[in-house]
Structures are given as C-alpha cells and as structure tokens.
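# Structural characterization, general
Here is what each chain is made of, one letter per residue.
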Amino acid sequence: MAILRPSQRVADVRAIDLGALEVAGVSGLMIDLDNTLLPRDTSIIPPEIEAWIAEVKVRFRVCLVSNNWHERVHEVAAELELPLVAKAIKPLPFAFLKALRTIGLSPRRCAVIGDQLLTDILGGNIIGAKTIMVDPLSQTDLPHTLLLRKLEARIMKDDPGTKPTPVKDETCE
Ligand SMILES: [Mg+2]
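Let's shift gears to the coordination of the magnesium ion. For the magnesium ion, the full set of protein donor atoms is Asp32 (OD), Asp34 (O) and Asp115 (OD), and the range of their distances to it is 2.1 to 2.3 Å. Written as a sequence motif, the donor arrangement for the magnesium ion is D-x1-D-x80-D. You can see Asp32 sitting in the loop between strand 2 (28–31) and helix 2 (47–59) and its partner Asp115 sitting in the loop between strand 5 (110–114) and helix 5 (117–127), a full 83 residues away along the chain. Here Asp115 falls in the buried class, since its relative accessible area comes to 1%.

Tracing the sequence through the fold places Asp34 in the loop between strand 2 and helix 2. Looking at Asp34, its side chain comes within polar contact range of the side chain of Arg40, at 3.3 Å. Polar contacts involving the side chain of Asp34 include one to the side chain of Asn68, which spans 2.8 Å. Contacts of Asp34, omitting those with residues within four sequence positions, involve Arg40, Ser66, Asn68, Arg72, Val73 and Asp115.

The next thing to look at is the pairing of strand 6 (residues 130–134). Burial runs high along strand 6: four of the five residues are buried. Examined bridge by bridge, strand 1 (residues 8–10) and strand 6 share three bridges and lie parallel to one another. Each bridged residue has a counterpart across the sheet, and for Arg9 the counterpart in strand 6 is Met133. What joins strand 5 to strand 6 is helix 5, and the crossover it makes is right-handed.

On to the nonpolar core, then. Ile16, Leu29, Ile31, Leu37, Trp52 and Ile113 are the most contacted members of the largest nonpolar core, which totals 29 residues. Elements with a contribution of two residues or more to this core: helix 1 (18–23), strand 2, helix 2, strand 3 (61–65), helix 3 (71–80), strand 5 and strand 6. When residues no more than four places from it in sequence are discounted, the contact partners of Ile31 are Thr36, Leu37, Trp52, Ile53, Val62, Cys63, Leu64, Val65 and Ile113. One finds Ala88, Ala95, Phe96 and Ala99 within the second-largest nonpolar core, a separate group that totals 15 residues.

The next thing to look at is the confidence of the model for the chain. Averaged over all residues, the pLDDT of the chain equals 91, while 94% of them reach at least 70. The low-confidence segment residues 169–173, where pLDDT is below 50, has two contacts with residues more than four positions distant or belonging to other chains.

On to the sheet that holds strand 2, then. Read from one edge to the other, the open sheet built from six strands follows the order 1-6-5-2-3-4, with strand pairing classed as parallel. Looking along the sheet, the strands with just one partner apiece sit at the ends: strand 1 and strand 4 (84–85). Examined bridge by bridge, strand 3 and strand 4 share two bridges and lie parallel to one another. When the bridges of strand 4 are listed, Leu64 appears paired with Leu84. Most of the contacts of helix 4 (residues 94–103) go to strand 3, to which it runs at about 155°, and overall it touches strand 2, strand 3, strand 4 and strand 5.

Looking now at unusual backbone geometry. Among all residues save glycine, negative phi is the norm, and among peptide bonds the norm is trans. In this chain, Lys90 is followed by Pro91 through a cis amide linkage whose omega measures 15°. Mapped onto the elements of the fold, Pro91 is located in the loop between strand 4 and helix 4. Phi at Glu81 takes a positive value of approximately 55°, unusual for a residue other than glycine. Structurally, Glu81 can be placed in the loop between helix 3 and strand 4.

This structure, assessed with the given rule, holds 10 salt bridges. Here Asp159 ties to Arg5 by a salt bridge, and the two come within 2.9 Å at their closest N and O atoms. One end of the pair, Asp159, is in the segment after helix 6 (143–157); the other, Arg5, is in the segment before strand 1, and 154 residues separate them in sequence. Here Arg149 ties to Asp115 by a salt bridge, and the two come within 2.6 Å at their closest N and O atoms. Residue Arg149 is found in helix 6, and its partner Asp115 is found in the loop between strand 5 and helix 5; the two are separated by 34 residues along the sequence. Accessibility assignment for this pair places Arg149 and Asp115 in one class, buried. Salt bridges here are not isolated pairs; linked through shared partners, they connect Glu22, Glu55 and Arg59.

The rules behind each value
Residues numbered from 1 in each chain as written. Predicted model: local features only at pLDDT ≥ 70, side-chain atom pairs only at ≥ 80, totals over all residues. Heavy atoms only, no water. Donors = N, O, S within 2.8 Å, 3.2 Å for Na, K, Ca; no water. Helix = DSSP H or I, 4+ residues; strand = E, 2+ residues; numbered from the N terminus. Buried < 20%, exposed > 50% of the residue type's maximum accessible area, 1.4 Å probe, protein only. Polar contact = N/O pair within 3.5 Å; in protein donor to acceptor, adjacent residues only side chain to side chain. Contact = heavy atoms within 4.5 Å. Pairing = 2+ DSSP bridges. Right-handed = clockwise from strand over helix to strand, strands pointing away. Core = buried A, V, L, I, M, F, W, Y, C linked by side-chain atoms within 4.5 Å. pLDDT = per-residue confidence, 0-100. Axes fitted to C-alpha atoms, helices over the stretch in contact; angles between N-to-C directions. Salt bridge = Lys/Arg side-chain N within 4 Å of Asp/Glu carboxyl O.

Right, here's the structure in full:
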C-alpha cells in the first residue's frame, strides 16, 4: 500500500544520498529523534551523527519531529541547535504541519526521515512529503513501539516496495 511505503529505505541517516534529494527538489528535512538520530536509551549524540547533522544543516532546512516529550529530547535539540516539535502524536499531521511552518516549506519540498513505518513514514506520506525509513539504532523501545515494530515487519515482509536500498560502499568513491 503506497501510504505505508517509504520513498526510500536505508540502513541509517548517513546512507541517505543528500545530493539526490537536492536534485529532486527537496529543501527541508523533518527528522525523527529516538532510534533515528540516537538510541532511545541515551542522550549522547554519536559523533558521526553530530557531523552528519552539521552537514545537513548547511544544505537543508531542518526540524526535529518527535513523539517524545521528555526533557531529554529538548536537550538534544538544543545541543544540535535545531528546532523541535515534541509530543508530535505521529502519524497525525499536526506536528508535521507545525514543522513545515517552522522551516517555511511546502510538504512536497520536504522529506520525513524516521525509523517507524506506522508513525514517521505513514505521517510523512499523509502530508505528501518524501519519506525515508532508516533501521532503528537500538532494539530498546517502549512496549507499544515494539508491538508496532512487529506489525511493521509483517507489513514490510508482504511489500517488496519497502526493501532497503543497499548502502553505498564509501571506499569505492
Ligand atoms: Mg523513532
């Protein structure tokens, strides 16, 4: 089902072809936090993610969109110097619409990046953005999220359109 299919699926955010997004007219990124940029059980931003965010901020308008509402996500957003829409209730569109207002772009010029099919990807598809699904950074998550993941795995198993894009071998570049 197209609404449940990411435009792209990659292993992690660093495997996203940023140049191809720019060529496709994408100027803004709405990025999930937990298990997309950092493992859910930590506030420590991995250095490679920090470097990726620094590069992305130069090339795109960026807003974090998280269903989480704890102090931790606000601290992480502050550390990355990025705007955040917390308590997002994805896949509902309201937080994405708020994020779009924050970065001043239409959905068609944005990509939603996240690790969950039924929140990030479904929500991004509902508003008409491109959607990029990454593998979760850790297996630690809330019980209801783990349940959702089982359902997601089942949906993706039945849909060849959700197969991951092979990660580029950077040593060949
Ligand atoms: Mg997540």
